Amino acid sequence: MKLSGPLLLAGCLTAAPALAGGPTFASGEGQVHVIELYTSEGCSSCPPADHWLRQWTARDELWNQLIPLALHVDYWDYLGWRDPFASPDHSVRQRRYRRERGLSAVYTPGFLFDGREWRRWSGGRLPDLEPAREVGQLVLRLDGDWATAHFKPLVELGRARVHVAVLGFGLRSEVPAGENRGRTLRHDFVVLGMSDQAMTASDDGLTARLPVPAPRRPAPRLGIAAWISDGYSQAPVQAVGGWLTD
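Analysis parameters
- Residues numbered from 1 in each chain as written.
- Predicted model: local features only at pLDDT ≥ 70, side-chain atom pairs only at ≥ 80, totals over all residues.
- Heavy atoms only, no water.
- Helix = DSSP H or I, 4+ residues; strand = E, 2+ residues; numbered from the N terminus.
- Buried < 20%, exposed > 50% of the residue type's maximum accessible area, 1.4 Å probe, protein only.
- Pairing = 2+ DSSP bridges.
- Contact = heavy atoms within 4.5 Å.

Undergrad: What is the right way to look at unusual backbone geometry in this model?
TA: If a residue is not glycine, its phi is most likely negative; likewise, a peptide bond is most likely trans. Put simply, T108 and P109 share a cis peptide bond, and its omega is -10 degrees. Looking at the element boundaries, P109 is found in the loop between β5 (106-107) and β6 (110-113). Residue P131 is bonded to the preceding E130 through a cis peptide linkage, with omega at -10 degrees. Although it is not a glycine, W63 sits at a positive phi angle of roughly 75 degrees. Along the chain, W63 turns up in the loop between α1 (47-54) and β4 (66-72). Relative accessible area serves as the criterion here: at 7%, W63 is assigned to the buried category. With a phi close to 60 degrees, F189 is a non-glycine residue in the positive phi region.

So, in structure tokens, the structure goes:
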């Protein structure tokens, strides 16, 4: 559809620097890609894309080469079903991509790969993850309700920001109305909360401390993702993530 106009973490990606406090995730210096899906339970075209995204829960590339995000938008809620996972912030983010020319239009299902429109998912095709461009190591440490991010960039950045999202897995909805009436919809990688913070220079890179967003809805399993943008663009530069609960 097109619109006109302490948590228990499982497995760090690589050995992380010694940091006092809670569990830590760390990327390598090679870029971990981010694929964003803009979707809605009010859109009859979206379930195949949601299904395509769910496959990544069982793929070896998850977390160490690719981090998927499912951002449910709210602009189709008027069609008869209010998506329980939708956020107006996700709609705003997608529209900003359009202004930044990362997207040709605002529509669902809409994929972006590292901040650029990507349409090759149909037919089961996968994005090209190699070779990984060396961009720098991102480390994320959780300490209660707070996260500390540290980034050692190997690329030039403008105004670096870090974004943290809590992801829900094993979610399902019985949809009684709208375009998907009578269907059972299943979702993984659903962004249930997101926060961001400008990064400041430290002795050996960039750092920021920000709250871990509380999930808007419960989920059978949770994950976390963090990524860096340069402040002038939403496109992710480096990312890290992993499981919060088994």
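Back to the text.
Undergrad: What is the right way to look at the pairing of strand β9 (residues 146-153) in this model?
TA: Side-chain positions along a regular strand alternate between the two faces of the sheet. Both strand β8 (residues 136-143) and β9 contribute to a ladder of eight bridges, which runs antiparallel. By the bridge assignment for β9, L140 is matched with A149. Where β8 hands over to β9, the hairpin turn is made up of two residues, of which G144 adopts a positive phi near 65 degrees. Summarising the sheet, β9 and strand β15 (residues 205-211) pair through six bridges and their orientation is antiparallel. The partner of F151 across the bridge, within β15, is L206.

Undergrad: How should I be thinking about the side chain of Q31 in this particular structure?
TA: Tracing the backbone through its elements, the reader meets Q31 in the loop between β2 (24-26) and β3 (33-39). Its relative accessible area of 9% is what places Q31 among the buried residues. In this structure, Q31 is in contact with D114, A132, R133, V135, P236, V237 and Q238, ignoring residues within four places of it in sequence.

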